[in-house]
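Listed below are the residues making up each chain.
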Amino acid sequence: MDSPPIVISRDEVKRVLRYIDLIPRLESALAIFSRKNSLEIIQPLRSVIPLSKYNGFLGLMPTYMEQEGILSTKMVCFYKREDGSTLPSTQATVLLFNPEYGNVKAIIDGEVITAMRTAAASAISAKWLMPAQAEVLAILGTGNEALSHYNVFTEIFTFKEVRVWSRTRERAEAFSRSVAGPVKVCVTVEEAVKDADAIVTVTRATQPILFGKWIKPGAHVAAVGACRPDWRELDDELMREAVVYVDSREGATTESGDVILSGATVFAELGEVLNETRPALREKTTVFKSLGLGIEDAVSAKLVLERWEATE
Ligand SMILES: NC(=O)C1=CN([C@@H]2O[C@H](COP(=O)(O)OP(=O)(O)OC[C@H]3O[C@@H](n4cnc5c(N)ncnc54)[C@H](O)[C@@H]3O)[C@@H](O)[C@H]2O)C=CC1
Ligand SMILES: O=C([O-])C1=[NH+]CCC1
């Protein structure tokens, strides 16, 4: 307990963290979260401080999972960057504590953890909610989250076609060149989502970019951006007509502009589906609204530390 914290860099997280290990840990954590038993988990709503001068926010995400022996907090700064800005839009650090003594065991870069656990949560939503014979995946956005979503969706599912849209063709083409498999570049959102079975929205949009009228009935949308109460990625029609799943009811009804401003009803948490206390209505059009949870960072950070210690 006297030893100084281990510091694990972004590159080291990238080296040791694998979706195949991460997904089962996240499934278990989401299921525990939705049981709402404070003996198993304490994870308050994220507190968010606005950084008005810089168009950004600092989110604090503490979590305690007693049975897993995990005490952690993620600190994440996220920004509404102007077009052309070269500054990062999300930066994060996860602290892992020894819950008995209170000392910090590890300081872990949170950028890769954030991107991979968010994409893995979307992939879990798709496992349960996407049409059974899904052939077409559309990714809206070409940043860090777009890449992690491309990676996990193509690792665990087999799509006949993957499409990408960005506001500029150049960015979509650069994204398509940067990944291993074939990606069709689309010039409009409508073209990208037409007849798509799974759609991932991973943009910094603050107004709707995806409209219900363009979507095939039965499609699944994993909506990852728009993490503020006045930000949107999806329009009212889509939010009201789809069956809406969330990572956290409390988070969604406090932080999600898509949920709050559309007046949509939240049908279930993803953890409730995993616990089989709420059904997965795969045949309907579904939206998984993701805001990000401290428990996801907590179990990811523990996994990183375990793998790092095993390979050091
Ligand atoms: N739900 C969750 O757990 C998490 C959500 N996020 C959110 O996901 C979104 C994407 O994050 P990153 O990929 O890290 O960001 P990024 O900055 O790497 O990529 C953002 C993408 O959105 C595009 N974009 C920016 N403004 C737009 C607009 N008005 N309309 C359409 N596209 C626009 C950019 O061109 C870029 O392709 C952000 O809103 C971020 O806050 C990030 C991490 C976790
Ligand atoms: O959970 C997370 O890390 C974030 N959610 C919105 C921006 C960052």
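Each chain has its residues counted from 1, following the order in which its sequence is written. To label them, take the chains in the order written and letter them from A, then take the ligands in the order written and number them from 1. Where totals are concerned, whole chains, interfaces and linings use all residues; where local detail is concerned, this predicted model gives features only for residues with pLDDT of at least 70, and gives and counts side-chain atom pairs only at 80 or more. Excluding hydrogens and water, the side-chain values take into account all heavy atoms of the structure.

Draft legend 1. Spatial organisation of the site of ligand 2. In the vicinity of ligand 2, the residues found are Arg-46, Met-61, Lys-74, Val-76, Phe-78, Thr-114, Arg-117, Cys-227, Leu-291 and Gly-292. In this structure, Lys-74 approaches ligand 2 through a side-chain N or O atom, which is 2.6 Å from an oxygen atom. For the accessible areas, the method is Shrake-Rupley and the probe is 1.4 Å, while residue cover comes only from the protein chains on display. For ligand 2, the accessible surface in isolation is 250 Å², of which the surrounding protein chains cover 90%. Listed by contribution, the elements that provide at least two residues to the shell around ligand 2 are strand S4 (70–79) and helix H3 (111–129). The numbering of helices and of strands both runs from the N terminus, where a helix is a DSSP run of H or I of at least 4 residues and a strand a run of E of at least 2. The element best represented in the shell around ligand 2 is S4, accounting for three residues. Each residue is assigned to one of three groups, with Ala, Val, Leu, Ile, Met, Phe, Trp, Tyr, Cys and Pro labelled nonpolar, Asp, Glu, Lys and Arg labelled charged, and all others, Gly among them, labelled polar. Tallied by class, the residues present in the shell around ligand 2 amount to five nonpolar, two polar and three charged. Domain delimitation follows an automatic or database domain assignment. The residues that make up the shell around ligand 2 include at least three from each of domain 1 (6–113 + 295–311) and domain 2 (117–292). Being near a molecule or strand, for a residue, means having at least one of its heavy atoms within 4 Å of it. Two N or O atoms count as a polar contact when they lie within 3.5 Å, although within protein this holds only if one can serve as hydrogen donor and the other as acceptor, and sequence-adjacent residues are included solely when both atoms are side-chain atoms.

Draft legend 2. Molecular detail of the confidence of the model for the protein chain. Residue-level confidence of the predictor is summarised by pLDDT, bounded by 0 at the bottom and 100 at the top. Chain-level statistics for the protein chain give a pLDDT mean of 96 and a share of 99% at 70 or above. Per the prediction output, this complex has pTM 0.97; the corresponding ipTM is 0.99.

Draft legend 3. Representation of the pairing of strand S11 (residues 220–223) in the model. In this scheme, a residue with accessible area under 20% of its type's maximum is buried, one over 50% is exposed, and one in between is partly exposed, where area comes from a 1.4 Å probe on protein chains only. Burial along S11 is two-sided: His-220 and Ala-222 and Val-221 and Ala-223, pointing in opposite directions, are all buried. If DSSP finds at least two bridges between two strands, the strands pair. Here strand S10 (residues 198–201) pairs with S11 via four bridges, running parallel. Across the sheet, Ile-199 pairs through a bridge with Val-221, a residue of S11. For S11 and strand S14 (residues 286–289), the ladder comprises four bridges, and the chain directions are parallel. Note that in S14 the partner of Ala-223 across the bridge is Lys-289.

Draft legend 4. Local environment of the environment of Val-136. Relative to the assigned elements, Val-136 resides in strand S7 (residues 136–140). In the structure, Val-136 is positioned 25 residues away from Glu-161 in sequence and 4.9 Å away in space, judged by C-alpha atoms. Every residue pair with non-hydrogen atoms within 4.5 Å of one another is taken to be in contact. Once residues lying within four places of it in the same chain are set aside, the contact partners of Val-136 are Phe-159, Glu-161, Arg-163, Asp-195, Ala-196, Asp-197 and Ala-198.

Draft legend 5. How the structure looks around the sheet that holds strand S1 (residues 6–8). Spatially, the six strands line up as an open sheet ordered S1-S6-S5-S4-S3-S2, and their pairing is mixed. Either end of the sheet is taken by a strand with one partner, and the two such strands are S1 and strand S2 (47–51). For this sheet, the mean angle separating the axes of adjacent strands, direction not counted, is 15 degrees. As judged from the eight bridges shared by S4 and strand S5 (residues 90–97), these two strands associate in the antiparallel manner. Looking across to S5, one finds that Phe-78 is bridged to Thr-90. Across the face of the sheet, H3 comes into contact with strand S3 (56–65), S4, S5 and strand S6 (104–109) while running at roughly 75 degrees to S6. Note on geometry: axes are lines fitted to C-alpha atoms, helical ones only across the stretch in contact, with angles between N-to-C directions running from 0 to 180 degrees.

Draft legend 6. Highlighting the site of ligand 1. Ligand 1 sits among 24 residues. The nearest are Ser-89, Thr-142, Glu-145, Arg-204 and Ser-290. Thr-118 places a side-chain nitrogen or oxygen 3.5 Å from an oxygen atom of ligand 1. Starting from 870 Å² of accessible surface for ligand 1 in isolation, the protein chains cover 88%. A total of three residues in the shell around ligand 1 trace back to one element, the largest contributor, which is H3. Here the residues of the shell around ligand 1 sort into seven nonpolar, 12 polar and five charged.

Draft legend 7. The arrangement of the domain arrangement of the protein chain in detail. As far as domains go, the protein chain holds domain 1 (6–113 + 295–311) and domain 2 (117–292). Using C-alpha coordinates to define each centre, domain 1 is positioned 22 Å away from domain 2. Contacts between the two partners involve 30 residues from domain 1 and, on the opposite side, 32 residues from domain 2. Buried area adds together the accessible area that both of two parts lose upon being put together, with accessible area traced by a 1.4 Å probe. Both faces combined, the contact of domain 1 with domain 2 buries some 2600 Å², and carbon together with sulfur accounts for 56% of it. Looking only at domain 1, the three residues that lose the most surface to domain 2 are Tyr-19, Leu-45 and Glu-296, adding up to 24% of its buried area. Note on definitions: salt bridges are taken to be side-chain nitrogens of Lys or Arg within 4 Å of carboxyl oxygens of Asp or Glu. Where domain 1 touches domain 2, the interface holds five salt bridges. For the salt bridge of Lys-36 with Glu-269, the shortest nitrogen-to-oxygen distance reads 3.0 Å. Along the contact surface separating domain 1 from domain 2 lie 11 residue pairs in polar contact (both at pLDDT 80 or more).

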